[in-house]
Amino acid sequence: MNLSLSALIYFNQSVIVLPLFTCCMYKMTMKQPAKRTAFFISDGTGITSEALGHSLLAQFDSIEFEQITLPYIDTPDKAKEAVSRINNAAIQDGTRPLIFDTVVNEDIRSIIAESSAFKIDVFSSFLKPLESELDARSNYSVGKSHGIVEQTRYKDRIDSVNFAIDNDDGARTRQYANADIILVGVSRCGKTPTCLYMAMQFGIKAANYPLTEEDLEFSKLPDVLEAHKHKLYGLTIDSFQLAAIRHERRANSRYASLDQCDFEVREVEKLFKKLNIPAINTTNFSIEEISTRIMAQAGLNRRMN
C-alpha cells in the first residue's frame, strides 16, 4: 500500500494502516465541540444576569459559549433591536441562543420573549414564588442590586478601594493599624488585584506588602510587619507561572528567571510555615476564588453584599 495515501493509527499498541479516504471520513464523523450563543439581558447594568448565567454555563465545559451582554434594555425600541440581534444569532448558529434575563418591565420582557431563543427569566422565575411566600408584592424596581441604594455602604466601598490603592505594595505602612488584612508574598503573585477585589466586592480594607529577596534571605518578617502579624495572610504561586508573569514585565532579566522565582517561592513558603502565617497558592484559582477563600479562612465579615 502507498503510505503517502494512507495513515497510521495506533490501536492496542499495534499499528494499523488505513487508506487516507477512510481516515478523512473518520475525522469528519468525529463529534466537534458544540457552540452556543448566550445573551445576558437587563434593563440595568446586566451584572446580575451575567453572574447567574456565568455560574450556570460554567457547568457545561464541553460546550463553547459566545457570551454577549446587553445592558440597559429599558425601552421597547431597544428590546426590538435586541430581539433582532438574538434572531440573527439563531440563524448564524443554526440553533437557538440562550437568554438570561433580569428585565423588570413586563412589557419589555414580553418583547424579548418573542425571540427565537431559550429564555431564562430570572425575575419571573424567582420573584413570583417569593411574593407568594412572603405574602407581599415586589417593588419591581430597576437597578436595586447594583445601584447606590444606601449612601453609607457606597462610601464604605469607595473608602476601601482608596485604602487598597494607598496601601499597595508597601507604599504606606503607617495605615496598617486600620487594615482588616495585609496580604504578603513575593512580587507578582496576585496581591494587588486580590486587595482591590476584596475592597470592591466586600468593602474590606486590604493592604499588601511585597517580601523581597533580602527579607527571604534572613528568613524573617520586615520590622514594619511584626506588630501586625495577626493580620497577615500569605500568597504563593507556582514558580513556573511566576516566571511567565514576570517575563511579561521584565523579559530576560534575573527577576524573571526560573531560578530566581523558584528560590523566592521556596523561601517564602518556608517563612509562612515557620511563622504560622496562613497562606493560599494562587496558581489555579481566579481572583474571585482567592478572595473568598481568604475571607473565609481569615474570618472576615463582608461589609458589602
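That block above? That's the structure.
What this report covers is the structure whose coordinates are included nearby.

The rules behind the values
Residues numbered from 1 in each chain as written. Predicted model: local features only at pLDDT ≥ 70, side-chain atom pairs only at ≥ 80, totals over all residues. Heavy atoms only, no water. Axes fitted to C-alpha atoms, helices over the stretch in contact; angles between N-to-C directions. Helix = DSSP H or I, 4+ residues; strand = E, 2+ residues; numbered from the N terminus. Parallel < 35°, antiparallel > 145°, perpendicular 65-115°, else oblique. Left-handed = near helix turned anticlockwise from the far one by under 90°. Contact = heavy atoms within 4.5 Å. Nonpolar A, V, L, I, M, F, W, Y, C, P; charged D, E, K, R; others polar. Expected span 1.5 Å × (residues − 1). Buried < 20%, exposed > 50% of the residue type's maximum accessible area, 1.4 Å probe, protein only. Arc of directions from axis to C-beta. Pairing = 2+ DSSP bridges. Salt bridge = Lys/Arg side-chain N within 4 Å of Asp/Glu carboxyl O. Core = buried A, V, L, I, M, F, W, Y, C linked by side-chain atoms within 4.5 Å. Polar contact = N/O pair within 3.5 Å; in protein donor to acceptor, adjacent residues only side chain to side chain.

Thoughts on the packing of helix α10 (residues 239–249) against helix α11 (residues 258–274)
In a pair of packed helices, the angle between the axes and the distance between the axes together describe the arrangement. Packing of α10 against α11 brings their axes to within 8 Å, and their N-to-C directions diverge by 125°. Here α10 is positioned oblique relative to α11, judged by the angle of their axes. As α10 packs across α11, the resulting crossing turns out to be right-handed. Contacts from S239, F240, L242, A243 and R246 in α10 reach L258, Q260, C261, D262, E264 and V265 in α11. When the residues that make up the contact of α10 with α11 are grouped by side-chain class, the tally is six nonpolar, two polar and three charged.

Some thoughts on helix α5 (residues 122–134)
Here α5 spans 18 Å end to end across 13 residues, near enough to the 18 Å set by a 1.5 Å rise per residue. Taken as a whole, α5 has its buried residues at V122, L127 and E131. Down the axis of α5, the smallest arc covering the buried residues is 105°, so these residues share one side. Away from its buried face by more than 90 degrees, α5 exposes S132 and E133. If you follow the buried residues of α5, they end up packed against α2 (47–57), β5 (98–101) and β6 (118–121). Positive backbone phi, at 55°, marks D135, one or two positions downstream of α5.

Here's the deal with the pairing of strand β9 (residues 232–236)
β9 sits mainly inside the fold: five of its five residues count as buried. With three bridges joining them, strand β7 (residues 181–185) and β9 adopt parallel strand pairing. Residue pairing for β9: V184 is matched across the bridge by G234. Relative to strand β10 (residues 279–281), β9 runs parallel, the two being bridged by three bridges. Paired with L235 across the strands is I280, a residue of β10.

Looking at the pattern of salt bridges
By the definition in use, this model includes 11 salt bridges. Salt-bridge contacts for R109 lead to D121; the nearest nitrogen and oxygen are separated by 2.8 Å. Pair noted here: R109 is in helix α4 (residues 106–112) and D121 is in strand β6, with a separation of 12 residues, a long-range link. By relative accessible area, D121 is classed as buried at 10%. A salt bridge links E213 to R254; the nearest nitrogen and oxygen atoms lie 2.8 Å apart. Taken together, the positions of E213 in helix α8 (residues 213–217) and R254 in the loop between α10 and α11 put the pair 41 residues apart, joining distant regions of the chain.

Topic: the nonpolar core
The nonpolar side chains of a soluble globular protein tend to be buried, and buried together. I181, M198, L211, L225 and I294 are the most contacted members of the largest nonpolar core, which has 41 residues in total. Mapped onto this core, the elements with two or more residues apiece are α6 (151–166), β7, α7 (191–202), β8 (206–210), β9, α10, α11 and α12 (287–298). Looking at this core element by element, the count peaks at five residues for α11. Excluding anything up to four places from it in sequence, I294 contacts I181, L183, T194, M198, Y233, L235 and I280.

A word on α10
Within the sequence span of α10, burial applies to S239, L242, A243 and R246. Taken down its axis, α10 places every buried residue within 100° of arc, on the same side. Residues of α10 that are exposed and angled more than 90 degrees away from the buried face: F240 and E248. Of the residues flanking the start of α10, the one acting as N-cap is D238, its side-chain oxygen 3.0 Å from the backbone nitrogen of F240.

Observations regarding the sheet that holds β8
Reading across from one edge, β8-β7-β9-β10 is the order of the four strands in this open sheet, with parallel pairing throughout. Of all strands in the sheet, those bounded by a partner on one side alone are β8 and β10. Across the sheet, the mean angle from the axis of one strand to that of its neighbour is 25°, orientation sign disregarded.

With respect to the sheet that holds strand β4 (residues 63–70)
Read across the open sheet, the four strands follow the order β4-β3-β5-β6; overall the sheet is parallel. Edge positions in the sheet fall to β4 and β6, since each of these pairs with one other strand and no more. Between one strand axis and the next, the sheet turns by 20° as a mean value, whatever way the strands run. The strands touched by α2 within the sheet are β3 (34–41), β4 and β5, with β3 carrying the most contacts at an inclination of about 160°. Contacts between α5 and the sheet are confined to β5 and β6, with β6 contributing the most and set at about 40° to the helix.

Take it as geometry only, folks, not as evidence of what the structure does.
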